[in-house]
Amino acid sequence: MKGKLYLIPTTLGNTEPLEVMPLSVKKVVEQLDYFIVENEKSARRFIKRITPTKSQPSLQLMLLDKYSDDLETKNYLDICDKGISIGLLSEAGVPAVADPGATIVKLAHQKNIQVVPLVGPSSILLAMMASGMNGQSFAFNGYLPIDKSDRKRAIKELEKRSKEKDQSQIFIETPYRNEKMLDDLRATLSPETRVCVACDITLPTEYIRTRTVQEWKQAKPDLHKRPTIFIIHK
């Protein structure tokens, strides 16, 4: 039998793994020695935290980031043909969602390898759950353009799409540009459009608020370098 590809969630910050994910994740990590990871140092740290007694020298880590070569990564799952299972770790949250791991999951399906997703924290879904917006229809849009004029057009387009489809629009920003993003939302969106700002999700400093743009003009949260999800709905 072929090995399986386990999609292993990680924490969204410096929290104890078993506070935000089930024991089943720990049990799977204990069974595996082969992992595909974005960053070796942080992956080893997570594995050590969730399975303190696991032998670190036994770990076989394969790197998958924006610099990875396709010719190399296409062979990452070959070990599954020998009946050995592999874990795919995200840098934060769940693998393959706003994450380069999607390419490995696609490859697994092409090679007829069973894909097993494990339960864990997803900042996108947790923010949507807590926003009070339309959980029946929403879209994740990744990062918006950096250029100011292009970003403004993108924000207006998302607002238009939200109104036409009654669909909540989710996006993210590089943490050090969060406050600039909120400023742009205040300046660009209609006063009655609702905006959810969700940062440090699952951490002790968690901050999740949904207000109208008019109300946000009176609020000045500290979002600098804090992982943040933005959601708008008109």
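Since this is a predicted model, take the numbers as computed values, not measurements.

Quick look at the side chain of R226
Part 1 of the reasoning: Mapped onto the elements, R226 comes out in the loop between α9 (213-216) and β10 (228-233).
Part 2 of the reasoning: Engagement of the side chain of R226 in a polar contact is seen with the backbone oxygen of D222, the distance being 2.5 Å.
Part 3 of the reasoning: When residues no more than four places from it in sequence are discounted, the contact partners of R226 are P175, N178, C199, D200, T205 and Y207.

Comments concerning the UniProt feature "domain: Tetrapyrrole methylase" (unreviewed entry) in the protein
Part 1 of the reasoning: Taken from the UniProt record, the annotation "domain: Tetrapyrrole methylase" (unreviewed entry) applies to residues 4-215.
Part 2 of the reasoning: Taken end to end, residues 4-215 is 37% helix and 20% strand, and its first and last C-alpha atoms sit 49 Å apart.

Remarks on the layout of surface pockets
Part 1 of the reasoning: By volume, the largest pocket is sized at about 760 Å³.
Part 2 of the reasoning: What lines the largest pocket is a set of 32 residues, and nearest its centre among them are A92, A98, S123, Y143 and I172.
Part 3 of the reasoning: Elements that contribute at least two residues to the lining of the largest pocket include exactly α6 (123-131), β6 (138-143), β8 (194-199) and β10.
Part 4 of the reasoning: The computed volume of the second largest pocket comes to approximately 300 Å³.
Part 5 of the reasoning: What lines the second largest pocket is a set of 17 residues, and nearest its centre among them are T11, G13, S42, R45 and E91.

Observations regarding the sheet that holds strand β4 (residues 86-89)
Part 1 of the reasoning: Here five strands make up an open sheet; going across it, the order is β3-β2-β4-β1-β5 and the pairing parallel. Among the strands making up the open sheet, the edge pair consists of β3 (60-63) and β5 (115-117). Here the strands of the sheet are splayed against their neighbours by 25 degrees on average, with no regard to which way each runs.
Part 2 of the reasoning: Inspection of the sheet shows strand β1 (residues 5-8) paired to β4 by four bridges, in the parallel sense. Looking at the pairing, L7 lines up with L88 of β4.
Part 3 of the reasoning: Here helix α5 (residues 102-110) sits on the sheet and contacts β1, β2 (34-37), β4 and β5; the angle it forms with β1, its principal contact strand, is near 155 degrees.

Definitions and limits used
Once a new chain begins, its residue numbering starts again from 1 and follows that chain's sequence as written. Totals for whole chains, interfaces and linings use all residues, but because this is a predicted model, local features are given only for residues with pLDDT of at least 70 and pairs of side-chain atoms are given and counted only at 80 or more. Only hydrogens and water are set aside; all other atoms, that is, all heavy atoms of the structure, feed into the side-chain values. Helix and strand definitions here come from DSSP, where helices need a minimum of 4 consecutive H or I residues and strands a minimum of 2 consecutive E residues; each element is numbered from the N-terminal end. Distance and chemistry together define a polar contact, namely a pair of N or O atoms within 3.5 Å, with one atom able to donate a hydrogen and the other to accept it when in protein, and with adjacent residues in sequence counting only for side-chain atoms on both sides. What makes two residues a contact is simply this: any of their non-hydrogen atoms within 4.5 Å. UniProt positions are given in the numbering used here, feature names are shortened, and annotations may be inferred rather than shown by experiment. Within this scheme a cavity is a closed region of a 1 Å grid, computed over the protein atoms alone, that accommodates a 1.4 Å probe without allowing it to escape, whereas a pocket is open but has protein on both sides within 12 Å along at least five of seven lines; lining residues each have an atom within 4 Å of a point. Grid points are joined across faces, edges and corners, and a volume is the space filled by probe spheres set on the points. Strand pairing requires that DSSP identify at least two bridges connecting the strands. Fitting a line to C-alpha atoms yields each axis, with helices limited to the stretch in contact; the angle taken between N-to-C directions then spans 0 to 180 degrees.

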